[in-house]
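# Observations on the three-dimensional arrangement
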Amino acid sequence: MAGSDEVNHNESKAAKVCEYEFNLDRRPILKRLNSRVVPLNTWILISNFKLAYNLLRRPDGTFDRELAEFLERKAPANSFPVDGVFSFDIVDKSIGLLNRVYRPAPENETQWGTIELEKPLSTTEIVPVIIFFHGGSFTHSSANSAIYDSFCRRLVANCKAVVVSVNYRRSPEHRYPCAYDDGWAALNWVKSRQWLQSGKDSKVHVYLAGDSSGGNITHHVAVRAAESGVEVLGNILLHPMFGGQERTESEKRLDGKYFVTVQDRDWYWRAFLPEGEDRDHPACNPFGPRGKTLEGLNFPKSLVVVAGFDLVQDWQLAYFEGLKKAGQDVKLLFLNQATIGFYFLPNNDHFYCLMEEIRNFVHSNC
């Protein structure tokens, strides 16, 4: 099976109902939780990633890409459906950017194994197309990483959407703004595909999404789209990677406690930002001293998902507040006892809550 052996685990069950309470800051908190904060198999999975990441980063700011490619588990695309989802790789020949496309399997089994690139997704119903930017702190993972292949399949199956996963260039070999440029190119490529159109208006109904560095890319591509008049219907940011020069309370409190250290984060920013720049660069701190307001801009609605054990949560909450201050439409999902990567395996209530939120978010315009 492409992706993970965990794909089927509990996924035939209906999504669990999310129950919320609100604290004094009016942040929604998931109330019903598993007894274990981090399920054991999730802990092992992310701990293994962290061990590998520590081997790959060098003190001089370089990165062992050859070893990274050797260690990372890849998943091939599959034209025959797996758990109701098929995928295929396609390259934007104008710039050589690879995208992996995930679609629900046709009901007619005789069509399985056939890649249709002529007809629209539907001429009656709206089918959301989610452009997904994988995480990995701008440095790790790819569109064919097994863990992200599985996650994209779950997005399709749970959210009734098409997903286009972008194989953007990574740092430190390709610094800012390469990842943003690739994200912008992917958006324009998707918008121009007739076979991704749907609905009676015959257009591509695009949403941007990403986790960690992918959430950061989502924001910056969405800003460029808004400034250029390119329609994006919504942004989904899963514990997005933002930061700044200041050390926040959450960075001090959670440093090294749940998989990530402040020192780790600093390395990745040095590897991504232009040489000599600090963390108040707008790429890292979009609403910081050198950032720009989005007030008056036709910016897409946003869903910002924050994990309560992510050490950069204060920067994510500042981002949420920055959007609110600019008068933008934004919803915050604060999962009080979630860690980074909680969505990689469907073994916790947070996963099902997230899938329900995304499904409602991308279908609210239908």
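Fair warning: this is a prediction, and the values are worked out from it, not measured in the lab.

### Regarding the nonpolar core
- One finds Leu187, Val190, Leu196 and Leu208 to be the most contacted residues of the largest nonpolar core, which totals 72 residues.
- With eight residues, helix α4 (residues 178-191) is the largest single contributor of residues to this core.
- When neighbours within four sequence positions are excluded, Val190 is seen to be in contact with Val129, Ile131, Val164, Leu196, Val204 and Val206.
- In this structure, Tyr148, Ile236, Ala338 and Cys353 belong to the second largest nonpolar core, which totals 35 residues.

### A short note on the pairing of strand β10 (residues 330-335)
- A large share of β10 lies buried, amounting to five of its six residues.
- Two elements, strand β9 (residues 301-307) and β10, share six bridges in a ladder whose sense is parallel. Residue pairing in the sheet places Val305 in a bridge with Leu333 of β10.
- What joins β9 to β10 is helix α8 (residues 313-325), and the crossover it makes is right-handed.

### Regarding the environment of Asp349
- Residue placement: Asp349 occurs in helix α9 (residues 349-363).
- For the pair Asp349 and Ala338, spaced 11 residues apart in sequence, the C-alpha to C-alpha distance is 9.6 Å.

### With respect to helix α5 (residues 213-228)
- Taking 1.5 Å of rise per residue, the 16 residues of α5 would be expected to cover 22 Å, and the 23 Å separating its terminal C-alpha atoms lies within 8% of that figure.
- With respect to burial, α5 is a largely interior element, 13 of its 16 residues being buried.
- In the stretch just after α5, Gly229 is the one whose phi turns positive, near 75°.

### Focus on the pattern of salt bridges
- Applying the stated rule across the entire model yields 22 salt bridges.
- With a shortest N-O distance of 2.7 Å, Arg153 and Asp149 are connected by a salt bridge. Of the two residues, Arg153 and Asp149 are both situated in helix α3 (residues 146-159); the distance of four residues between them amounts to about one turn of the helix. Side by side, Arg153 and Asp149 carry an identical accessibility label, which is buried.
- Of the charged contacts in the structure, one is a salt bridge between Asp278 and Arg290, with a shortest N-O distance of 2.9 Å. Of this pair, Asp278 sits in the loop between α7 (262-272) and β9 while Arg290 sits in the loop between α7 and β9, placing them 12 residues apart in sequence.
- In this structure Asp278 comes out as partly exposed when scored by relative accessible area, which is 31%.
- Of the residues examined, Arg290 reaches a relative accessible area of 40% and is grouped as partly exposed.
- Salt bridges linked by common partners bring Glu69, Glu72, Lys74 and Arg170 together as one network.

Criteria and cut-off values
Residues numbered from 1 in each chain as written. Predicted model: local features only at pLDDT ≥ 70, side-chain atom pairs only at ≥ 80, totals over all residues. Heavy atoms only, no water. Core = buried A, V, L, I, M, F, W, Y, C linked by side-chain atoms within 4.5 Å. Buried < 20%, exposed > 50% of the residue type's maximum accessible area, 1.4 Å probe, protein only. Helix = DSSP H or I, 4+ residues; strand = E, 2+ residues; numbered from the N terminus. Contact = heavy atoms within 4.5 Å. Pairing = 2+ DSSP bridges. Right-handed = clockwise from strand over helix to strand, strands pointing away. Expected span 1.5 Å × (residues − 1). Salt bridge = Lys/Arg side-chain N within 4 Å of Asp/Glu carboxyl O.

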